[in-house]
Amino acid sequence: MAATVRYDEVEVGQELPAVDYNVRRLNLVMYAGASGDFNQIHWNERFARTVGLPDVIAHGMFTMAQAGRFVTDWAGDPGAVVDFGVRFSSMVIVPDDDQGATIAVSGVVEEKLEDKRVVVGLTAKAGDAKVLSKARAVIQLS
């Protein structure tokens, strides 16, 4: 499989259309099962509050995965991501209701490298809070 985005069609400063990812408690329970991270702050509201959190929070790696999903969906090939890193800057609070939370991810092409690679800077927010910082991906394009 190869990236569906062509290097010669991408420009520095090009914005990648934003995508909203809905997060409900069920998603966190499913992620806990897949990752093995069953920390109660990710599914038990009573426990989360006893340790000083406002409510259940999404796993940091779940949040990072949504940014990774954004990049791989844009590129058209998960194997096109050659480097990916973030810092966690705020929590995604997930209330126990029908709406849950929304992680909004957007990106911009920051640099074109040799060998048909680009650097994409990512922004991920939950409400007004920026939940990832220094989020960057290097993508191998076709």
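Residues numbered from 1 in each chain as written. Predicted model: local features only at pLDDT ≥ 70, side-chain atom pairs only at ≥ 80, totals over all residues. Heavy atoms only, no water.

(A) Summary view of the overall build of the chain. If you tally the helices and strands in the chain, you get three helices and five strands. The helix and strand sequence of the chain, counted from the amino end, reads β-α-α-α-β-β-β-β. Seen along its three principal axes, the alpha-carbon backbone of the chain occupies a region of about 50 × 30 × 25 Å. Of all 142 residues assigned to the chain, the portion counted as buried reaches 40%. In the chain, once contacts between residues fewer than 6 apart in sequence are set aside, the share between residues at least 24 apart is 68%. Accessible surface, the chain: about 7,800 Å² in total, of which carbon and sulfur atoms supply 50%. Across the chain, the centroid of the 14 positively charged side chains sits 4 Å from that of the 19 negatively charged ones. (Helix = DSSP H or I, 4+ residues; strand = E, 2+ residues; numbered from the N terminus. Buried < 20%, exposed > 50% of the residue type's maximum accessible area, 1.4 Å probe, protein only. Contact = heavy atoms within 4.5 Å. Areas by Shrake-Rupley, 256 points an atom, 1.4 Å probe, with all protein chains shown as cover. Lys, Arg positive; Asp, Glu negative; His and termini not counted. Charge placed at Lys NZ, Arg CZ, Asp CG, Glu CD.)

(B) Expanded view of a nonpolar patch on the surface. A contiguous nonpolar surface patch, about 540 Å² in accessible area, is contributed by L26, V29, M30, F38 and W43. Checked against the element boundaries, M30 lands in helix α1 (residues 25-35). (Patch = residues over 30% accessible without salt bridge, like charges linked within 9 Å, V, L, I, M, F, W, Y side chains within 5 Å. Salt bridge = Lys/Arg side-chain N within 4 Å of Asp/Glu carboxyl O.)

(C) The environment of V23, seen in detail. Topologically, V23 is positioned in strand β1 (residues 15-23). Given a relative accessible area of 0%, V23 falls into the buried group. Separated by 106 residues in the primary sequence, V23 and A129 place their C-alpha atoms 15 Å from one another.

Function-wise, these values are silent; they only describe arrangement.
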